[in-house]
Amino acid sequence: MIEFINVSKKYSNGTLALSNVNLKINKGDFVFIVGQSGSGKTTLIKLILKEEDLTEGEIFVNGYEVSSMSRSEIPYLRRSLGVVFQDFRLLPDKTVYDNVAFAMQITESLPKEIRRQVPMALGLVGLSRKADMYPGQLSGGEQQRVALARAIVNNPALLIADEPTGNLDPDTSWEIMKLLVDINHRGTTVIVATHEKSIVDSLKKRVIAIDKGLVVRDQQKGTYENEDKNYKTYI
Amino acid sequence: MKIRTIKHIFKEGITNVYRNKLMSLASISIVVASLTIFGIFYMIILNFNHNVGKLKDQPEMQVFCLTELDDVGVKIVEDALMQNEKIKQVAIVTKEQAFEKVKDMLGDNASVLEGIDNSFLPVSFIIKLNNPEDSAMLMDELEKINGVDKVTYPQKTVEFISKFTHGIQIVNSILTTVLLVVSVFIISNTIKLTVFARRREISIMKYIGATDWFIRWPFIVEGVIIGFIGSIVALLISGYGYNAVEMRFTKELLMTGTSIISILKLNDVSARVALLYIVLGCIVGASGSVTTIRKYLKV
């Protein structure tokens, strides 16, 4: 599903954000990407979305060879995956329903399909009754659920969440995480970049830890911090 | 592209124009100004070309006798013309023929001639030259003949007007180019404001997989709408303006009796001018947007 082969990313200001990263994420996986701010988590996600060009190596996402793809192919790569951000990125002057439908309009879906898919996605995130409200009338957690509905409305095989709970209180964060797990159970590959130690620790999913641009740990059923206290001394 | 996508694009484009009322209005005004100025020159040129064409159809040279010259005098002039070897052909225009011609030219206004006989008109001769190069010399020669009032040679006027028209054409193309560039610049600024106001929306669209063209088209539609409205307003202004000027000029021309020159009627020019306006307006509008959006699409 996603494969990084010897990937390095150096920004034009000289910062080495990722160095020699090798990763493989399979279909149906649920993966946490953890690390401090500035560790390279966000760069990793930007590379998957082709928001940034990589400096070295190869990246494959959903069968696209991201490393060598042309500008005109980028929209099709992005349609094959759903994305959720920390700041929700909803359109304030569109209703909840229209925000979700918008993702289908730009892919030129049939109106019939839009009428079927949008209520389904809103139902999945539990917002059917708020379809006619505007994002400004919703709480942070609800807004993030709208963003989730928008991300999954086109039935992508892959869902990427960049700090999805960064702006939310702990209870709401749990709701969002549970939704992500639900979505994963329906067969979608889910990648979550996060700081939330307690959530990562209790969910026991695969954890990829990044520090200073290096993958320092890749662990099935992992936790936020390495349980082996001596770990840091021998890397 | 699917029909609902086209619908979406037009809806967004129109919304953009409306949301940005003040700048849209400013852009429309500048398009109106540019096109109107272009149009004024263009219509002057059309009229000059029209008259040059008419003048070219005129006899090569016309010799007018003095109005009071009697038949004998006319005969003497005619003989002198016949004997000149520079002249290929001579045709006489009698007072009666001249009178009929004037009547024809006045058309509906012919009633002003009632009660007037043809004695105020001169007899004239229409001459064809063997060699146009001789024209200047021949004119001097003919003017010296007794009983000749004046000699006209439209060909000379034609040359002069042609040169003049050419000059106007150059001035017009420079002026129009400058104005159109200014228009493109101002429209591009207007679009920039819309793009700026919607940059968040654009970036979200890019994240969820909108193609560049899907994002670009509404802004192009916005530019074209501005250009189109501008061209229609300019068309109305110059249409009414031209009509007023044309009626005035035609009246003046009738009063002075200048028959050779005439002004084109509005209907004769409107189709050509309208098409040019609309095409120019839309091109200006579209190029204004295309130049702007490019840099905002990089997400």
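Structural data are supplied above this passage.
Summarised in this report is the structure supplied together with it. Keep in mind that what you see is a predicted model, and the values were worked out from it rather than measured. Within each chain, residue numbers correspond to sequence positions counted from 1 in written order. Starting at A for chains and at 1 for ligands, labels are handed out in the order in which the entities are written. pLDDT decides what is reported in this predicted model: residues at 70 or higher carry local features, side-chain atom pairs at 80 or more are listed and counted, and totals for whole chains, interfaces and linings draw on all residues regardless.

## What about the overall build of chain B?
- Secondary structure follows DSSP: runs of H or I at least 4 residues long count as helices, runs of E at least 2 residues long count as strands, and numbering of each begins at the N terminus. Scanning chain B from terminus to terminus reveals 9 helices and 4 strands.
- Helices and strands in chain B line up, N terminus first, as α-α-β-α-β-α-β-α-β-α-α-α-α.
- Only C-alpha atoms enter the radius of gyration; for comparison, a globular chain is expected to reach 2.2 Å times N to the power 0.38, where N is the number of residues. Here chain B has a C-alpha radius of gyration of 30 Å; the compact-globule value for 299 residues is 19 Å, and the former is much larger.
- For chain B, the spread of C-alpha atoms along the principal axes amounts to about 100 × 45 × 30 Å.
- In chain B, which comprises 299 residues, the share counted as buried stands at 28%. Counting other C-beta atoms within 10 Å of each residue's C-beta, where C-beta atoms are placed from the backbone, gives the exposure class: buried for 20 or more, exposed for 12 or fewer, partly exposed between.

## A short note on the interface of chain B and chain A
- Across the contact, 14 residues belong to chain B and 15 residues belong to chain A.
- Mapped onto the side of chain B that touches chain A, the elements with two or more residues apiece are helix 1 (3–19) and helix 7 (199–207) of chain B.
- Per-element tally for the side of chain B that touches chain A: the top contributor is helix 7 of chain B, with 4 residues.
- Of the residues contributing to the side of chain B that touches chain A, the split by class is 7 nonpolar, 4 polar and 3 charged. Here, residues touch in the contact sense if the C-beta positions derived from the backbone fall within 7 Å of one another. Only Asp, Glu, Lys and Arg are considered charged, only Ala, Val, Leu, Ile, Met, Phe, Trp, Tyr, Cys and Pro nonpolar, and every remaining residue, Gly among them, polar.

## Description of the environment of valine 31 of chain A
All names here are of chain A.
- For valine 31, the position within the fold is in strand 3 (residues 30–34).
- Measuring from C-alpha to C-alpha, the distance between valine 31 and threonine 189 comes to 8.3 Å, with 158 residues separating the pair along the chain.
- For valine 31, the residues in contact, after removing those within four places along its chain, are Ile25, Ile191, Lys205, Arg206 and Ile208.

## Quick word on the pairing of strand 8 (residues 189–194) of chain A
All names here are of chain A.
- Of all 6 residues in strand 8, 6 are buried; the element is thus mostly enclosed.
- The alternating pattern of strand 8 places Thr189, Ile191 and Ala193 and Val190, Val192 and Thr194 on opposite faces, both of which are buried.
- Here, strands pair whenever DSSP counts at least two bridges between them. Two elements, strand 3 and strand 8, share 5 bridges in a ladder whose sense is parallel. The residue of strand 8 that forms the bridge with valine 34 is threonine 194.
- Here 5 bridges tie strand 7 (residues 158–162) to strand 8, and the two strands are oriented parallel to one another. By the bridge assignment, alanine 161 is partnered in strand 8 with valine 192.

## Points about unusual backbone geometry
Residue and element names in this part refer to chain A.
- With a phi angle near 50°, asparagine 20 is a residue other than glycine that sits in the positive phi range.
- Tracing the backbone shows asparagine 20 in strand 2 (residues 16–25).
- For asparagine 20, a count of 15 C-beta atoms within 10 Å translates into the label partly exposed.
- For arginine 89, which is not glycine, the phi torsion reads 55° and is therefore positive.
- Summarising the element assignment, arginine 89 is placed in the loop between strand 6 (81–85) and helix 3 (96–105).
- Here arginine 89 falls in the partly exposed class, since 19 other C-beta atoms lie within 10 Å of it.

## Remarks on the packing of helix 3 of chain A against helix 4 (residues 111–124) of chain A
Residues and elements named next belong to chain A.
- Every axis corresponds to a line fitted to the C-alpha atoms, with the helix fit spanning only the stretch in contact, and the corresponding angles, defined between N-to-C directions, vary from 0 to 180 degrees. Contact geometry for helix 3 and helix 4: axes closest at 10 Å, N-to-C directions at 125°. Compared by their axis directions, helix 3 and helix 4 come out oblique. Crossing handedness for the pair helix 3 and helix 4: right-handed. Residues Tyr97, Val100, Ala101 and Met104 of helix 3 form the contact with helix 4, whose participating residues are Glu113, Ile114, Gln117, Val118, Ala121 and Leu122.
- Residues that form the contact of helix 3 with helix 4 fall into these classes: 8 nonpolar, 1 polar and 1 charged. Roughly parallel here means an angle under 35 degrees, roughly antiparallel means over 145, roughly perpendicular means 65 to 115, and every remaining angle is called oblique. Whether a crossing is left-handed or right-handed is set by the direction in which the near helix is turned from the far one by less than a right angle, anticlockwise for left-handed and clockwise for right-handed.

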